[in-house]
Amino acid sequence: MFTITKKHLFWWPVTVKIPSPDNSGVYQEHEFEIQFEAMPLDRARQIDDERAKLPTADREAAQFDYVFELVRGWRDVVAEDGEAVPFSREIFAAQFQYPWFRDAVAEAYARAVSGQGGRLGN
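None of the values given here were measured: they were computed from a predicted structure.

## A short note on unusual backbone geometry
Logical step 1: One non-glycine residue, Asp76, lies in positive phi territory at about 70°.
Logical step 2: On the basis of relative accessible area, Asp76 is assigned to the exposed category, the value being 57%.

What follows is the structure, given as structure tokens:
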């Protein structure tokens, strides 16, 4: 049965591939989960239209706002000491500065809402 809801919240795995600090040409894969809120198409178009009107220098900041509007939380994110890192705009923004994080989050959302690329299981 398909259920119509006001909000579509869901958890989705994100795999971040970071260049290894020790091994040339090798990536370290780190996985965590993000809770996304699906964005209706009319809202996405509105954001795209508003962003297109911005000066080029301001578009990158607008990209963060766009992605942050999709994200509600995360889990399985830890600091170097192994302690859980709480989700916040500031911490998310700091990680969003790195292309591997930014691309991984965008790819995870795109795969989730396209119906492609879910986890395979028994």
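## With respect to the environment of His8
Logical step 1: Mapped onto the fold, His8 is located in the segment before strand 1 (9–19).
Logical step 2: Along the primary structure His8 and Ala38 are separated by 30 residues, whereas in three dimensions their C-alpha atoms are 5.4 Å apart.
Logical step 3: Once you skip the residues sitting within four places of it in the chain, His8 turns out to touch Phe36, Glu37 and Ala38.
Logical step 4: There is a polar contact of 3.2 Å between the side chain of His8 and the side chain of Thr5.

## Here's the deal with the pattern of salt bridges
Oppositely charged side chains may form a pair once their charged atoms are brought near each other.
Logical step 1: Tallied over the full model, the rule gives five salt bridges.
Logical step 2: Here Glu33 and Arg75 are joined by a salt bridge, their closest N and O atoms 2.4 Å apart. You can see Glu33 sitting in strand 2 (residues 27–37) and its partner Arg75 sitting in strand 3 (residues 71–75), a full 42 residues away along the chain.
Logical step 3: Its salt-bridge partner being Glu69, residue Arg43 comes within 2.9 Å of it at the nearest N-O pair. Remark: Glu69 occurs in helix 2 (residues 56–70) and Arg43 occurs in helix 1 (residues 41–52); sequence separation between them is 26 residues.

Procedures and definitions
- In this convention, every chain numbers its residues from 1, walking through the sequence in written order.
- Residues qualify for local features only when their pLDDT is at least 70, as the model is predicted, and side-chain atom pairs are given and counted only at 80 or more; totals for whole chains, interfaces and linings, by contrast, use all residues.
- The basis for every side-chain value is the complete set of heavy atoms in the structure, and neither hydrogens nor water enter the calculation.
- Each residue's exposure class comes from its accessible area (1.4 Å probe, protein chains only) as a fraction of the maximum for that residue type: buried when under 20%, exposed when over 50%, partly exposed otherwise.
- Strands are runs of DSSP state E lasting at least 2 residues, helices are runs of H or I lasting at least 4, and numbering of each runs from the N terminus.
- Contacts between residues were defined by any pair of non-hydrogen atoms, one from each residue, lying within 4.5 Å.
- The term polar contact refers here to a pair of N or O atoms within 3.5 Å; inside protein, the definition further demands a hydrogen-donor-capable atom paired with an acceptor-capable atom, and it admits residues adjacent in sequence only when both atoms are side-chain atoms.
- In the sections that follow, a salt bridge refers to a side-chain nitrogen of Lys or Arg positioned within 4 Å of a carboxyl oxygen of Asp or Glu.

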